[in-house]
Amino acid sequence: MKRITLAILALGLLSSPALAQNASQIDAARNGASCPKCNLFQADFVGLELKNKNFAGARLRQADMGIGIFNGTNFSGADLRDVNGSAALFGRASFAGADMTNSNFVGAYLEHANFRGANLTGANFSGAEMSTATGLTQAQFDRACGDEATQAPAGIRVPVCNQ
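Residues numbered from 1 in each chain as written. Predicted model: local features only at pLDDT ≥ 70, side-chain atom pairs only at ≥ 80, totals over all residues. Heavy atoms only, no water.

A. Structural context of the overall build of the protein. Across its full length, the protein holds three helices and zero strands. Secondary structure elements of the protein, listed N to C terminal, follow the sequence α-α-α. The 163 residues of the protein split such that 41% are buried. Within the structure as shown, the protein displays about 8,300 Å² of accessible surface, and the carbon and sulfur contribution to it stands at 53%. (Helix = DSSP H or I, 4+ residues; strand = E, 2+ residues; numbered from the N terminus. Buried < 20%, exposed > 50% of the residue type's maximum accessible area, 1.4 Å probe, protein only. Areas by Shrake-Rupley, 256 points an atom, 1.4 Å probe, with all protein chains shown as cover.)

Okay, structure coming up:
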């Protein structure tokens, strides 16, 4: 009987969602509201224009921002792990202190974006335009990758992504 009780308890713990997305916060953000420290996990922002918004400290993990416009948006300290930002516009955006692990910024426009202290481990910047990005160090980029079309700031060598 003791084993059955433990098994039932274990199943309950394993099946409970961990920090599920907040639908009302996602709806507000999709409709143009700034949402600092919001839980926007797996949000769909594909093709949206969300310029000059504040998502500082927000949880945007696995969000899809492909082909969106996020110029001037503040993502400082945000959780951007596994984000899709391909072909999106992030001019003058701030990623300072953000966790961008395993994110996809293939073909993204990142001119004048701030990457000071951002974690770029596993991030793909193939074809990205970021020659005027600030706060980027070689140590950060050594953990990321790109391709021959990546336009990195002067002095930054871009490791080639493994196929």
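B. Geometry of the state of the cysteines. The full count for this structure, using the stated rule, is two disulfides. The partner cysteine of Cys 35 in its disulfide is Cys 38, sulfur to sulfur 1.8 Å. With the S-S bond torsion at -80 degrees, the cross-link from Cys 35 to Cys 38 turns out left-handed. We note that Cys 35, like Cys 38, is buried. Two residues, Cys 145 and Cys 161, share a disulfide whose sulfurs are 1.9 Å apart. In this structure the cystine formed by Cys 145 and Cys 161 twists about its S-S bond by roughly 90 degrees; its chirality is therefore right-handed. (Disulfide = S-S within 2.5 Å.)

C. Focus on the side chain of Ser 126. With respect to the helices and strands, Ser 126 occurs in the loop between α2 (23–30) and α3 (138–141). A distance of 2.7 Å separates a polar atom in the side chain of Ser 126 from a polar atom in the side chain of Asn 124. Apart from residues no more than four positions distant in its own chain, Ser 126 is found in contact with Phe 105, Val 106, Gly 107, Cys 145, Gly 146, Asp 147, Thr 150 and Cys 161. (Polar contact = N/O pair within 3.5 Å; in protein donor to acceptor, adjacent residues only side chain to side chain. Contact = heavy atoms within 4.5 Å.)

D. Inspection of the packing of aromatic side chains at higher detail. The final tally for this structure, using the stated rule, is 13 aromatic pairs. Ring plane angle 70 degrees and centroid distance 5.3 Å describe the contact between Phe 90 and Phe 105, whose orientation is recorded as edge-to-face. Here Phe 90 is found in the loop between α2 and α3, whereas its partner Phe 105 is found in the loop between α2 and α3, with 15 residues between them in sequence. Residue classification places Phe 90 among the buried positions, given a relative accessible area of 0%. Pairwise contacts between aromatic rings join Phe 45, Phe 55, Phe 70, Phe 75, Phe 90, Phe 95, Phe 105, Phe 115, Phe 125 and Phe 141 into one cluster. The lysine or arginine in question, Arg 59, covers the ring of Phe 41, its NZ or CZ lying 4.2 Å from the ring centre. (Phe/Tyr/Trp six-rings, centres within 6.5 Å; stacked < 30°, edge-to-face > 60°. Lys NZ or Arg CZ within 6 Å of the ring centre and 35° of its normal.)

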